[in-house]
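What follows is the residue order along each chain.
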Amino acid sequence: MSYAALDPLDVAGRVVQLLEAGRRNSTYKLATVMALIDICVENTAAPDGSLTVPIDEIAHRIIGYYWNQVRSFHRHGRLVQVRRGLSIPDRIAEVRDILISDELRTAEAARESAHPVYRRLVRSVRLRIAQQPLTHLQTVPHSATRDEFLYNAAGFHKKMTMSDVDRIAVIVLRPRVPEGLRRTSVLLRAFVRSVWAHDVIDLNRAELDAEDVDGFLFGTDRTALRALVDPLRDMQSGRCFYCDGRLQSEVHIDHVVPWSMIPIDGVANLVATDARCNLDKSASIPVQDHVTRALERQFLADVSSLTRIPVLHKRTASAAHGVYAALPAGSLLWRSSGTYQPHSP
Ligand SMILES: [Zn+2]
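Computed from a predicted structure; not experimentally measured.

**What about the packing of helix 10 (residues 185-204) against helix 11 (residues 210-218)?**
Two packed helices can be described by the angle between their axes and the distance between those axes. Between helix 10 and helix 11, the least distance of the axes is 9 Å, while the angle of their chain directions is 110°. As the angle between them shows, helix 10 and helix 11 are arranged roughly perpendicular. For the pair helix 10 and helix 11, the crossing hand works out as right-handed. Residues Arg193, Trp196, Ala197, Val200 and Ile201 of helix 10 touch helix 11, and the partners they reach there are Ala210, Val213, Asp214, Leu217 and Phe218. Its residues assigned to classes, the contact of helix 10 with helix 11 comprises 8 nonpolar, no polar and 2 charged.

Dropping the structure here:
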């Protein structure tokens, strides 16, 4: 079968179709698709429109999503994400406890530290995702038909060994697929989130509120970022990053590029604000000036060494670049409390 370059909307439509079909035994497929979307937003495709994605990178992202999700969900405890057996989230939960006791509070901090426990985790996760979602991501359920419009999956199979994965090492997204995933990322991410929350409710067989579950699974872990309050407030001379008003006792930590667009817990993407600006901005995309100012701050490395939360300057910059590039002209961007400006690319 040959794969003609797809129109961006067709890429999104095909991905939706892929995820609508069949009943899932775990949320791994959804995590893998989410990872591919985020990677496409943050990276520039090759001149022919393709993008080479290391399997390691997919594993890092998946660990990042589950890292927050393995927290205890109210009185339900940890939410189940597979139909049976020991799961990737179980492994992540174990490793997370060890690393948090070492003051590595976020998945990104763990990644940057290259802690041996984290490195072992990545190796085991990449094997699982190569054997499972990457082998069957594009297989039509209950059939042997593969519709490999995203990448060529030859070489992937359910019994792959670690050395098979080492040898293959990457997937190559077909020309125009990265552009398609990037340009439809807002829609696709919302779709994947809602399916994911739905699957989790189904897998846990409990009376769970869909909105609650969505907020829990995809919201940020505020406790991990609390360490930033004092250093950021000091570095900002006690003033709100957005309105320059004096910060009172209630200081919020805001993701400049919204967490719901691209989840990055790096100091380069985090600022101290008052409650008013943070709540008003909510998940809006800010005007580009705010991102530029956030990235130009001189004290990022100092705050990072005080808190052990990584800077992630390059990732924040490229994610912001991808987000604005995918945004239609005229989209309203948040400037300040109650004030928006149209995006002019
Ligand atoms: Zn403010």
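**Things to note about the coordination of the zinc ion**
Binding of the zinc ion to the protein goes through Cys240 (SG), Cys243 (SG), Asp274 (OD), Asp274 (OD) and Cys277 (SG), at separations of 2.2 to 2.6 Å. Each donor residue of the zinc ion belongs to the same chain, and together they define the spacing C-x2-C-x30-D-x2-C. Taken together, the positions of Cys243 in the loop between helix 13 (229-235) and strand 3 (252-255) and Cys277 in helix 14 (residues 275-281) put the pair 34 residues apart, joining distant regions of the chain.

**Concerning the confidence of the model for the chain**
Here the chain averages 92 in pLDDT, while 99% of its residues score no lower than 70. Between the elements of the chain, mean pLDDT differs from a low of 84, seen in helix 12 (residues 222-225), to a high of 98, seen in strand 1 (residues 51-54).

**With respect to the domain arrangement of the chain**
How big an interface is tends to be stated in terms of the accessible area lost upon association of its parts. Assigned domains within the chain: domain 1 (8-218) and domain 2 (222-337). Look at where the C-alpha atoms of domain 1 and domain 2 centre, and you get two points 26 Å apart. At the interface, 20 residues of domain 1 touch 20 residues of domain 2. Carbon and sulfur atoms supply 52% of the area that domain 1 and domain 2 bury against each other, a total of about 1,800 Å² over both sides. Among the residues of domain 1 in contact with domain 2, Glu42, Arg105 and Glu108 are the three that bury the most area, contributing 32% of the side total. At the surface where domain 1 touches domain 2, the tally comes to 2 salt bridges. Here Glu108 makes a salt bridge to Arg315, at a shortest N to O gap of 3.2 Å. Run the count over domain 1 and domain 2 and you get 8 residue pairs in polar contact (both at pLDDT 80 or more). Counting only elements with at least two residues in the side of domain 1 that touches domain 2, the list comes to helix 2 (28-42), helix 3 (55-69), helix 5 (107-113), helix 9 (177-183) and helix 10. Here the residues of the side of domain 1 that touches domain 2 are counted per class, giving 6 nonpolar, 2 polar and 12 charged.

**Digging into the packing of helix 3 against helix 6 (residues 116-131)**
Between helix 3 and helix 6, whose axes approach to 9 Å, the crossing angle comes to 105°. Taken together, helix 3 and helix 6 sit at an angle that is classed as roughly perpendicular. Along the contact surface, helix 3 presents Ile55, Asp56, Ile58, Ala59, His60, Ile62 and Ile63, while helix 6 presents Tyr118, Leu121, Val122, Val125, Arg126 and Ile129. Considering only residue class, the contact of helix 3 with helix 6 consists of 10 nonpolar, 1 polar and 2 charged.

**So, the environment of Arg308**
For Arg308, the location among the structural elements is in the loop between helix 16 (300-307) and helix 17 (313-326). Since its relative accessible area comes to 41%, Arg308 is described here as partly exposed. With 195 residues separating them along the chain, Arg308 and Ser113 place their C-alpha atoms 9.2 Å apart. Other than its neighbours up to four places away in sequence, Arg308 contacts Asp102, Glu103, Leu104 and Ala109. Only 3.0 Å separates the side chain of Arg308 from the backbone oxygen of Asp102, close enough to count as a polar contact.

Quick notes on the rules
- Here the residue index of a chain counts from 1 through its sequence in written order.
- Local features in this predicted model are restricted to residues whose pLDDT is 70 or higher, and side-chain atom pairs enter the listing and the counts only when it is 80 or higher, whereas totals over whole chains, interfaces and linings include all residues.
- The side-chain values count all of the structure's non-hydrogen atoms but skip hydrogen atoms and water molecules.
- Think of each axis as a best-fit line through the C-alpha atoms, taken over the contacting stretch in the case of a helix, with angles from 0 to 180 degrees between the N-to-C directions.
- By the criteria applied, helices consist of DSSP H or I runs no shorter than four residues and strands consist of E runs no shorter than two, each listed in order from the N terminus.
- Relative orientations are named as follows: roughly parallel for angles under 35 degrees, roughly antiparallel for angles over 145 degrees, roughly perpendicular for angles from 65 to 115 degrees, and oblique for any other angle.
- Two helices that cross are described as forming a left-handed crossing if the nearer one is turned anticlockwise from the farther one by less than a right angle, and a right-handed crossing if clockwise.
- Here, two residues are considered to be in contact whenever any of their heavy atoms come within 4.5 Å of each other.
- Note on residue classes: Ala, Val, Leu, Ile, Met, Phe, Trp, Tyr, Cys and Pro are nonpolar, Asp, Glu, Lys and Arg are charged, and everything else, Gly too, is polar.
- Each metal's donors comprise the N, O and S atoms found within 2.8 Å of it (within 3.2 Å for Na, K or Ca). Water is not part of the atom list, so some coordination spheres may appear incomplete.
- Scored from 0 to 100, pLDDT records how confident the predictor is in each individual residue.
- A domain assignment, automatic or from a database, supplies the domain bounds used here.
- Buried area adds together the accessible area that both of two parts lose upon being put together, with accessible area traced by a 1.4 Å probe.
- In the sections that follow, a salt bridge refers to a side-chain nitrogen of Lys or Arg positioned within 4 Å of a carboxyl oxygen of Asp or Glu.
- Polar contact criterion, stated in full: a pair of N or O atoms within 3.5 Å, where within protein one must be able to donate a hydrogen and the other to accept it, and residues adjacent in sequence count only if both atoms are side-chain atoms.
- Type-normalised accessible area, obtained with a 1.4 Å probe on protein chains alone, sets the label of each residue: buried when under 20%, exposed when over 50%, and partly exposed for intermediate values.

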